Amino acid sequence: MLSLFLNWLSSLDYMVVSNEARGAVNIVLFNWLAYLGVAPFVIGIAMEVTGYSIASIDGRLWFTAYSCVILSFLCGIWWGGALNHDRHKHRVLLALLSNAIALIGWLALLFYRTPYALPVLALAFLFVERAEAFLKPNSSRLASYFKTRTHVSYLVIACHLIMFIALWR
């Protein structure tokens, strides 16, 4: 059963490879996933505004925890870039920043009930977006994906602003 599942997972690789050349990335799937990643932020805002909770998890915790997870995911991309590109001129900086930002996100999660958590997370997302433009942790052939990531980053920052207003109105 496990081998069937692993075979199925490996077959998914063909979804992200274009017909042009093996190894050429079809960005459409990744763009869709990036935009779909905004949905849990919107759900958290809706939960907060309506007072709805799931298993005692309110909109604020839902939103802040997901924000921290996504921020850590983005930092993991930097970590991977630093590991995989041993000649990258910002390799050490990427590794150090990835850890520092992930820890900042974790601290914001610990203080999710304070008015500081959401602005800290929003600024961390802004920092990651701007730093990626400068540090270029991944391949330039992914430029169209990083254009999407820029759009999604600003949507996420806007969601943080909306949640902040919803909480502190």
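Look up a bit, the structure's there.
Residues numbered from 1 in each chain as written. Predicted model: local features only at pLDDT ≥ 70, side-chain atom pairs only at ≥ 80, totals over all residues. Heavy atoms only, no water.

Asker: Sorry if this is basic, but what is going on with a nonpolar patch on the surface here?
Answerer: A surface patch of nonpolar side chains, about 520 Å² in accessible area, is lined by Val 28, Phe 30, Trp 32, Leu 33 and Leu 36. Looking at the secondary structure, you find Leu 36 in helix 2 (residues 27-36). (Patch = residues over 30% accessible without salt bridge, like charges linked within 9 Å, V, L, I, M, F, W, Y side chains within 5 Å. Areas by Shrake-Rupley, 256 points an atom, 1.4 Å probe, with all protein chains shown as cover. Salt bridge = Lys/Arg side-chain N within 4 Å of Asp/Glu carboxyl O. Helix = DSSP H or I, 4+ residues; strand = E, 2+ residues; numbered from the N terminus.)

Asker: Could you clarify how one ought to interpret the environment of Leu 161 in this entry?
Answerer: Residue position: Leu 161 is located in helix 7 (residues 143-167). The exposure class assigned to Leu 161 is exposed, which follows from its relative accessible area of 52%. C-alpha separation for the pair Leu 161 and Ala 122, spaced 39 residues apart in sequence, amounts to 7.8 Å. (Buried < 20%, exposed > 50% of the residue type's maximum accessible area, 1.4 Å probe, protein only.)

Asker: Can you walk me through the nonpolar core in this structure?
Answerer: A general feature of soluble globular proteins is that nonpolar side chains tend to end up buried together. Formed by 35 residues in total, the largest nonpolar core has its most connected members in Phe 41, Phe 63, Leu 71, Trp 78, Ile 101 and Phe 125. For this core, the secondary structure elements donating two or more residues are helix 2, helix 3 (39-50), helix 4 (59-84), helix 5 (91-110), helix 6 (117-135) and helix 7. Per-element tally for this core: the top contributor is helix 6, with 9 residues. (Core = buried A, V, L, I, M, F, W, Y, C linked by side-chain atoms within 4.5 Å.)

Asker: Mind showing me how you'd approach helix 5 here?
Answerer: Side chains that are three or four residues apart share a direction in an α-helix, a result of its 3.6 residues per turn. For helix 5, which comprises 20 residues, the first-to-last C-alpha distance of 29 Å matches the rise-based estimate of 28 Å (1.5 Å per residue) to within 8%. Leu 94, Ala 95, Leu 97, Ser 98, Ile 101, Gly 105 and Ala 108 are the residues of helix 5 that are buried. Contact partners of the buried residues in helix 5: helix 4 and helix 6. (Expected span 1.5 Å × (residues − 1). Contact = heavy atoms within 4.5 Å.)

Asker: Would you mind showing me how to read the pattern of salt bridges here?
Answerer: Charged atoms that come close allow side chains of opposite charge to pair. Summed over all chains, the structure comprises 3 salt bridges. In this structure, the salt-bridge partner of Arg 130 is Glu 129, at a minimum N-O distance of 2.7 Å. Salt-bridge contacts for Arg 149 lead to Glu 132; the nearest nitrogen and oxygen are separated by 2.4 Å. Placement of the pair is Arg 149 in helix 7 and Glu 132 in helix 6, with a sequence separation of 17 residues. For the pair Arg 149 and Glu 132, a shared accessibility class is recorded, and that class is buried.

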